[in-house]
Amino acid sequence: MSAGWEPRPTADTDEGEFRPPLDVPAPGRQRRWTVFLRWLLLIPQFVVVIVLSIAAFFVTIVGWFAALVLGRLPDPIHSFLGDVLAYQTRVTASSTLLVDRYPPFAFDVPDYPVRIELRQTPLNRLAVLFRIILMIPAAIVSGLAQSGWFAIGWVFWIITVVLGRLPEPVFAATAAVVRYRMRFSAYAMMLTPVYPKGVFGDEPAPAAQQPVSATRPLVLGTPAKVLVWVFLILGLASQITNGTVTSGDDDYYDDRPAGPVRVAS
């Protein structure tokens, strides 16, 4: 399946805990015209992602009740949600300029360069019960990182149009944001019992262990880690600014008179 269901060697474990990895090839040359038109070309994909996300939301609710009873997601629900997550991740990777190849309108695309791996594992019923509360910290981190990336993404777009490729530090930092978003979604959908982590990358793999892809393990250098911090700070600043603007607008409208003022003669 497109999500990469078969077990594969991984350097992405932490004390035996399996976190869904993201496989992306090393940054290479990209066609400037596809980069220039990237977000316009992806509009049909964004529509499909919205529709799939709505369907996944309701399926996740059904899966939540099933997981409380069974201690795991039923296979059909796990398979559907995994396919949706893989589809979302392919579109996100394309929109963030990680790959040049257009994502296909299909679930089963084993030859696409962006892949994730999911494993059907038992779920802790108590963690499932409180999942919506437990995932709040990860949701905040993921949201800030994504907002920060999109606040500065136009700069990366210009750089890629000019150079014809994404610089290595930008690629690594962007892959870290995309992977964390994928892991958060996998946790929220109960596709994994392991809490998301790795927004600042992984530890280098042992010398004897060969990397599976450019992002597995995902080792960030200092420039890439600085960029991730920039994303988080920009995302926080964006949220504060939006909150301030909204509050200011509310105060403006609250201070206006509710109706015409009549002056007694």
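Our structure is the block above this text.
Let me sum up the structure you'll find in this document. (Residues numbered from 1 in each chain as written. Predicted model: local features only at pLDDT ≥ 70, side-chain atom pairs only at ≥ 80, totals over all residues. Heavy atoms only, no water.)

## Re the nonpolar core
Part 1: Within the largest apolar cluster, 58 residues are counted, with the highest numbers of intra-cluster contacts made by Leu73, Leu85, Leu98, Phe156, Leu191 and Phe231.
Part 2: Within the residue set of this core, elements represented by two or more residues are helix H3 (43-70), helix H4 (75-95), helix H7 (136-163), helix H8 (168-188) and helix H9 (222-255).
Part 3: Apart from residues lying up to four places away in sequence, Leu98 is in contact with Val24, Gln30, Ala93, Leu166, Phe171, Thr174, Ala175 and Val178. (Core = buried A, V, L, I, M, F, W, Y, C linked by side-chain atoms within 4.5 Å. Buried < 20%, exposed > 50% of the residue type's maximum accessible area, 1.4 Å probe, protein only. Helix = DSSP H or I, 4+ residues; strand = E, 2+ residues; numbered from the N terminus. Contact = heavy atoms within 4.5 Å.)

## Quick look at a nonpolar patch on the surface
Part 1: On the surface, a nonpolar cluster with roughly 970 Å² of combined accessible area is contributed by Trp33, Phe36, Leu37, Leu40, Leu41, Ile43, Val47, Val51, Tyr102 and Phe105.
Part 2: Elements with a contribution of two residues or more to the nonpolar patch: helix H1 (32-36), helix H2 (38-41) and H3.
Part 3: For the nonpolar patch, the leading source of residues is H3, giving three residues. (Patch = residues over 30% accessible without salt bridge, like charges linked within 9 Å, V, L, I, M, F, W, Y side chains within 5 Å. Areas by Shrake-Rupley, 256 points an atom, 1.4 Å probe, with all protein chains shown as cover. Salt bridge = Lys/Arg side-chain N within 4 Å of Asp/Glu carboxyl O.)

## Section: the packing of aromatic side chains
Part 1: Tallied over the full model, the rule gives 12 aromatic pairs.
Part 2: Here Trp39 and Trp157 contribute two aromatic rings whose centre-to-centre distance is 6.2 Å and whose plane-to-plane angle is 25°, an arrangement assigned as stacked. With Trp39 in helix H2 and Trp157 in helix H7, the pair connects residues that are 118 residues apart, well separated along the chain.
Part 3: Ring centres 5.3 Å apart and planes at 80° place the aromatic pair Phe57 and Phe58 in the edge-to-face group. As far as the burial class goes, Phe57 and Phe58 line up, both exposed.
Part 4: Of the aromatic side chains, those joined through ring pairs into one cluster are Trp149, Phe150, Phe156 and Phe231.
Part 5: Across the ring face of Phe18, the terminal group of Arg119 is positioned such that the distance to the ring centre comes to 3.8 Å. (Phe/Tyr/Trp six-rings, centres within 6.5 Å; stacked < 30°, edge-to-face > 60°. Lys NZ or Arg CZ within 6 Å of the ring centre and 35° of its normal.)

## With respect to H4
Part 1: Between its terminal C-alpha atoms H4 stretches 30 Å, which fits the 30 Å expected from 21 residues at 1.5 Å a residue.
Part 2: Burial within H4 is extensive, with 18 of its 21 residues counted as buried.
Part 3: Positioned one or two residues after H4, Leu97 has a phi angle of 70°, which is positive. (Expected span 1.5 Å × (residues − 1).)

## A look at H8
Part 1: If you check H8, its first and last C-alpha atoms are 30 Å apart, about what 21 residues at 1.5 Å a residue would give, namely 30 Å.
Part 2: Once H8 finishes, Met190 follows within two positions and takes phi at roughly 65°, a positive value.

## Description of unusual backbone geometry
Part 1: With an omega dihedral of 5°, the bond running from Arg216 to Pro217 counts as a cis peptide bond.
Part 2: One non-glycine residue, Leu97, lies in positive phi territory at about 70°.
Part 3: Tracing the chain through its elements places Leu97 in the loop between H4 and strand E4 (115-116).
Part 4: Although it is not a glycine, Met190 adopts a positive phi angle of roughly 65°.

## Details of the packing of H7 against H8
Part 1: Where H7 contacts H8, the two axes come as close as 10 Å, and the packing angle between them is 145°. Here H7 and H8 pass one another in a crossing that is left-handed. Residue-level inspection shows Ala138, Ala139, Val141, Ser142, Ala145, Gln146, Trp149 and Phe156 of H7 in contact with H8, the latter providing Val170, Thr174, Val177, Tyr180, Arg181 and Phe184.
Part 2: Class assignment for the residues of the contact of H7 with H8 results in 10 nonpolar, three polar and one charged. (Axes fitted to C-alpha atoms, helices over the stretch in contact; angles between N-to-C directions. Left-handed = near helix turned anticlockwise from the far one by under 90°. Nonpolar A, V, L, I, M, F, W, Y, C, P; charged D, E, K, R; others polar.)

## Points about the packing of H4 against H8
The axes of two packed helices give the description: the angle between them and the distance between them.
Part 1: Following both chains from N to C, one finds H4 and H8 inclined at 160°, their axes separated by 11 Å at the closest point. Put simply, H4 runs roughly antiparallel to H8. Crossing handedness for the pair H4 and H8: right-handed. Listed contacts from H8 to Leu85, Gln88, Thr89 and Thr92 of H4 are Val178, Arg181, Met182, Ser185 and Ala186.
Part 2: Along the lines of polarity and charge, the residues of the contact of H4 with H8 split into four nonpolar, four polar and one charged. (Parallel < 35°, antiparallel > 145°, perpendicular 65-115°, else oblique.)

## Overview of the side chain of Ser95
Part 1: Inspection of the secondary structure assignment puts Ser95 in helix H4.
Part 2: Taking relative accessible area as the criterion, Ser95 reaches 6% and is therefore assigned buried.
Part 3: Apart from the residues lying within four places of it in its own chain, the contact partners of Ser95 are Arg38, Trp39, Leu42, Phe46 and Trp149.

Everything listed here is a matter of geometry and, on its own, says nothing about what the molecule does.
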